[in-house]
Amino acid sequence: MQYMILIYSDPTSEPAYGTKEFDAMMGGYFMLNERMKADGVLKAGEALQGIETATSVRQRGGKVETMDGPFAETKEHLGGYYLIDVPDLDTALKYAALVPAVAYGTVEVRPLMNYNPMDN
Amino acid sequence: MTTAAPQAIAATKALEAVMRDDRGRLMAALISRLRDWELAEEVLQEAALSAVSHWGRAGPPSSPQGWLLKVALRKAIDRMRGGAREAKKAAAMAVLAKAEAEEMEAAHIPDERLSLIVTCCHPALEQKSQVALTLRTVCGLTTTDIARVFLDSEPAMGQRLSRAKAKIAKARIPFAVPGPEAWEDRLNAVLTTVYLIFTTGYTAGPDEPRDLCAEAIFLARLLADLRPAEAEIEGALALLLLTDSRRAARIGPDGATLPPAAQDRRLWDAPALAEGRALLDQALARRAPGPFQIKAAIAACQMADPGPDWPQIAALYTRLYIHEPTPVIALNHAVALAEAGYVTEALARLHPLDAALQAYQPYHAARAALLARAGRHDDSRVAYDRAIAMAGSLNDALFLSKGRDALPR
């Protein structure tokens with residue numbers, strides 16, 4: 001079963017670059033990556049550039065509109081994700097709890113949609 | 001006039017008894033094999049329907065539970081056959097057929113109710129859904145009964161239950177007893193749900209068609225059976241029994257709520273009280289402290305002879321605060337301090353809680369009583385008015401009015 005771990009946080013409450021807390025956070029991500037690789041559960045995982053680089057696209061009235069900025073005006077932004085393959089939700093939640101952002105942001109765990117009717 | 005043969009009546013009675021006593025056990029066995037909550041519920045219902053006609057003709061079988069489980073599994077196999085999608089389904093059916101072929105006497109059905117309860121109380125489900133799902137699946141309450149308890153409409157409660165079952169399936173919440181690293185947290189979630197069922201029943205009063213206090217005690221006893229020698233389960237059961245034992249005494253002859261200290265002790269249920277105290281001692285002797293044991297100890301101290309042991313209660317709230325650092329526990333601690341004679345200290349501790357507890361009725365009630373003790377009668381009257389306006393029951397309002405009216409003019 002595949003789960004997406006979505007990492008949301010408010011950039012202003014994240015540890016700042018150059019501080020001890022920042023190093024600890026990066027160390028936490030490094031350790032989590034290594035652990036998920038060693039456990040053979042990691043399918044993918046990336047961090048995203050800040051929302052000042054985001055562009056939203058939508059089509060209204062047959063016309064594609066492009067807008068500067070993220071989709072939602074919220075304090076916490078999607079900052080990165082992991083895609084993991086584990087047996088059940090409890091296992092997925094165990095890895096999610098190791099994401100350093102749980103300490104200052106929110107980590108959301110969502111099962112992937114399964115298109116194979118044989119599994120249902 | 002009914003013309004039903006005595007055999008049919010006996011069959012219906014036997015079925016009712018099994019479905020009342022063993023529904024949770026059968027559901028647990030079906031869910032663990034089918035991995036589908038909705039399907040498990042439906043096939044058990046169908047099996048019960050077919051029991052009415054079969055048992056009516058031939059009398060109840062030697063193992064009614066085994067019969068129901070076997071028939072329910074057959075119904076599930078039939079359904080799968082109907083929509084069979086080759087390889088995968090065939091494998092699932094083979095597993096079911098094997099389970100079905102095994103001779104199923106009641107004693108042989110493995111008891112998977114602990115998995116069932118901890119899954120119903122999984123923290124990935126909303127608290128209210130945990131309560132509803134536990135009442136539906138483990139206690140066998142109908143959706144109508146549960147909707148009534150929550151003052152919800154039946155369709156809304158039905159939807160809530162469906163959503164919870166769908167999440168269990170789609171997010172693959174495991175049907176299993178968690179390992180030792182997660183056990184303590186998950187047990188706490190289960191006991192919190194059980195306690196919530198109890199307090200809902202305690203507030204609703206004994207007139208409800210289903211006595212939720214009794215359901216909660218049933219669940220706590222079941223947990224104690226399924227997981228013996230667990231201090232927190234014993235503590236939770238002790239807490240429920242101690243609180244329940246003074247149920248008949250909690251409202252005075254004039255209809256006003258009475259705190260334990262003012263209750264007529266002759267109305268306390270002596271066997272329940274004794275069992276609660278014995279369980280608490282047994283739990284504490286295990287030297288594995290936890291919040292439910294502390295709460296049970298507080299309940300026991302409130303019922304101490306000849307009156308509540310307030311210094312001890314205050315000390316216990318200090319320990320409880322370590323487990324649950326909430327403003328409500330801090331409030332209870334302050335009240336115990338005041339009762340132990342430290343009124344000024346108690347009022348000082350109340351002050352920082354003011355913002356967090358504005359919408360919490362017991363805060364205003366406690367503050368009113370404390371201000372009265374401190375001789376600040378005008379402030380007390382204002383707090384009493386507020387507490388009375390927010391009171392959840394007439395009995396509580398009456399109790400508070402008596403306090404307000406006792407203030408010197």
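Residues numbered from 1 in each chain as written. Chains lettered and ligands numbered in written order. Predicted model: local features only at pLDDT ≥ 70, side-chain atom pairs only at ≥ 80, totals over all residues. Heavy atoms only, no water.

**Quick word on the overall build of chain B**
Looking only at helices and strands, chain B has 20 helices and zero strands in total. Taking the principal axes of the C-alpha coordinates as reference, chain B spans close to 80 × 55 × 40 Å. The buried share among the 409 residues of chain B stands at 47%. Considering only contacts within chain B whose residues lie at least 6 apart along the sequence, 65% involve residues at least 24 apart. Of the roughly 19800 Å² of accessible surface on chain B, 56% is carried by carbon and sulfur atoms. Each charge class in chain B was averaged separately, 49 positive and 48 negative side chains, and the resulting centres sit 3 Å apart. (Helix = DSSP H or I, 4+ residues; strand = E, 2+ residues; numbered from the N terminus. Buried < 20%, exposed > 50% of the residue type's maximum accessible area, 1.4 Å probe, protein only. Contact = heavy atoms within 4.5 Å. Areas by Shrake-Rupley, 256 points an atom, 1.4 Å probe, with all protein chains shown as cover. Lys, Arg positive; Asp, Glu negative; His and termini not counted. Charge placed at Lys NZ, Arg CZ, Asp CG, Glu CD.)

**Some points on the sheet that holds strand β1 (residues 2-9) of chain A**
Residue and element names in this part refer to chain A. Taken in spatial order, the four strands make up an open sheet running β2-β5-β1-β6, and their pairing is antiparallel. One side of each edge strand has no neighbouring strand; the edge strands of this open sheet are β2 (42-47) and β6 (106-111). Taking each pair of neighbouring strands and ignoring which way they run, the sheet shows an average axis angle of 20°. Where β1 and β6 come together, six bridges link them in antiparallel fashion. (Pairing = 2+ DSSP bridges. Axes fitted to C-alpha atoms, helices over the stretch in contact; angles between N-to-C directions.)

**Remarks on the packing of helix α16 (residues 327-339) of chain B against helix α17 (residues 343-350) of chain B**
Residues and elements named next belong to chain B. Two elements in contact, α16 and α17, have axes separated by 7 Å at closest approach and are oriented at 165°. By the angle between their directions, the pair α16 and α17 is classed as roughly antiparallel. For the pair α16 and α17, the crossing hand works out as left-handed. Of α17, the residues touching α16 (which contributes Leu331, His333, Ala334, Leu337 and Ala338) are Val343, Glu345, Ala346, Arg349 and Leu350. (Parallel < 35°, antiparallel > 145°, perpendicular 65-115°, else oblique. Left-handed = near helix turned anticlockwise from the far one by under 90°.)

**A look at the UniProt feature "domain: YCII-related" (unreviewed entry) in chain A**
Mapped onto the present numbering, the UniProt feature "domain: YCII-related" (unreviewed entry) falls on residues 1-114 of chain A. Between the C-alpha atoms that bound residues 1-114 of chain A the distance is 9 Å, and the span itself is 25% helix and 36% strand. (UniProt positions renumbered as here; feature names shortened; annotations may be inferred.)

**Let's talk about the environment of Ala24(A)**
All names here are of chain A. As for its position among the elements, Ala24 is in helix α1 (residues 20-39). On the accessibility criterion, Ala24 (53% relative accessible area) is exposed. Residues Ala24 and Arg110 lie 86 residues apart in sequence; the distance between their C-alpha atoms is 27 Å.

**Things to note about the domain arrangement of chain B**
All names here are of chain B. Parsing chain B into structural domains produces domain 1 (6-111), domain 2 (114-322) and domain 3 (323-409). A separation of 30 Å is found between the C-alpha centroids of domain 1 and domain 2. Contacts between the two partners involve 11 residues from domain 1, matched on the other side by 12 residues from domain 2. Here domain 1 packs against domain 2, burying approximately 1100 Å² in sum over the two surfaces, 60% of which is carbon and sulfur. Together, Arg23, Trp37 and Glu41 form the three largest contributors to the area buried by domain 1 at its contact with domain 2, with a combined 50%. If you look at where domain 1 meets domain 2, you find three salt bridges. Applying the counting criterion to the domain 1 and domain 2 interface returns three residue pairs in polar contact (both at pLDDT 80 or more). Going through the elements one at a time, α2 (23-34) and α3 (37-58) are the ones with two or more residues in the side of domain 1 that touches domain 2. With six residues, α2 is the largest single contributor of residues to the side of domain 1 that touches domain 2. Split by residue class, the side of domain 1 that touches domain 2 holds four nonpolar, two polar and five charged. (Domains from an automatic or database assignment. Buried area = accessible area lost by both parts, 1.4 Å probe. Salt bridge = Lys/Arg side-chain N within 4 Å of Asp/Glu carboxyl O. Polar contact = N/O pair within 3.5 Å; in protein donor to acceptor, adjacent residues only side chain to side chain. Nonpolar A, V, L, I, M, F, W, Y, C, P; charged D, E, K, R; others polar.)

**What to know about the pairing of β1(A)**
Of the pairings in the sheet, the one linking β1(A) to strand β5 (residues 77-85) of chain A comprises eight bridges and is antiparallel in character. Residue Ile5(A) lies in a different strand from β5(A), and its bridge partner there is Tyr82(A).

**Comments concerning unusual backbone geometry**
Backbone geometry follows two general trends: most residues other than glycine have a negative phi, and most peptide bonds adopt the trans configuration. Residue and element names in this part refer to chain B. Residues Asp305 and Pro306 are joined by a peptide bond in cis, for which omega reads 0°. By the secondary structure assignment, Pro306 is in the loop between α14 (291-302) and α15 (310-323). With a phi angle near 55°, Arg35 is a residue other than glycine that sits in the positive phi range. Following the sequence through the fold, Arg35 ends up in the loop between α2 and α3.

**Section: the packing of aromatic side chains**
All names here are of chain B. Counted according to the given criterion, the structure contains five aromatic pairs over all chains. Geometrically, the ring pair formed by Trp55 and Trp67 is edge-to-face, given 5.4 Å between the ring centres and 75° between the ring planes. Taken together, the residues Trp55 in helix α3 and Trp67 in helix α4 (residues 64-82) connect sequence positions 12 residues apart. Residue class for Trp55 comes out buried when judged on its relative accessible area of 1%. Across the ring face of Trp183, the terminal group of Arg227 is positioned such that the distance to the ring centre comes to 3.9 Å. Above the plane of the ring of Phe292 lies Lys295, whose end atom (NZ or CZ) is 5.0 Å from the centre. (Phe/Tyr/Trp six-rings, centres within 6.5 Å; stacked < 30°, edge-to-face > 60°. Lys NZ or Arg CZ within 6 Å of the ring centre and 35° of its normal.)

**Structural notes on the state of the cysteines**
Considering all chains together, one arrives at zero disulfides over all chains under this definition. With no disulfide of its own, Cys139(B) lies 9.2 Å from the sulfur of Cys120(B), the closest cysteine sulfur. (Disulfide = S-S within 2.5 Å.)

**Side note on the nonpolar core**
The biggest cluster of nonpolar side chains holds 146 residues, and the ones touching the most others in it are Ile5(A), Tyr82(A), Ile84(A), Val99(A), Leu30(B), Leu34(B) and Leu68(B). If one sorts the elements of this core by residue count, α3(B) sits on top with nine residues. (Core = buried A, V, L, I, M, F, W, Y, C linked by side-chain atoms within 4.5 Å.)

**Quick look at the environment of Gln49(A)**
Residue and element names in this part refer to chain A. Its place among the elements puts Gln49 in the loop between β2 and β3 (55-60). On the basis of relative accessibility, which here comes to 66%, the residue Gln49 falls in the exposed class. Taking C-alpha positions, Gln49 is 17 Å from Met25, a pair spaced 24 residues apart along the chain.

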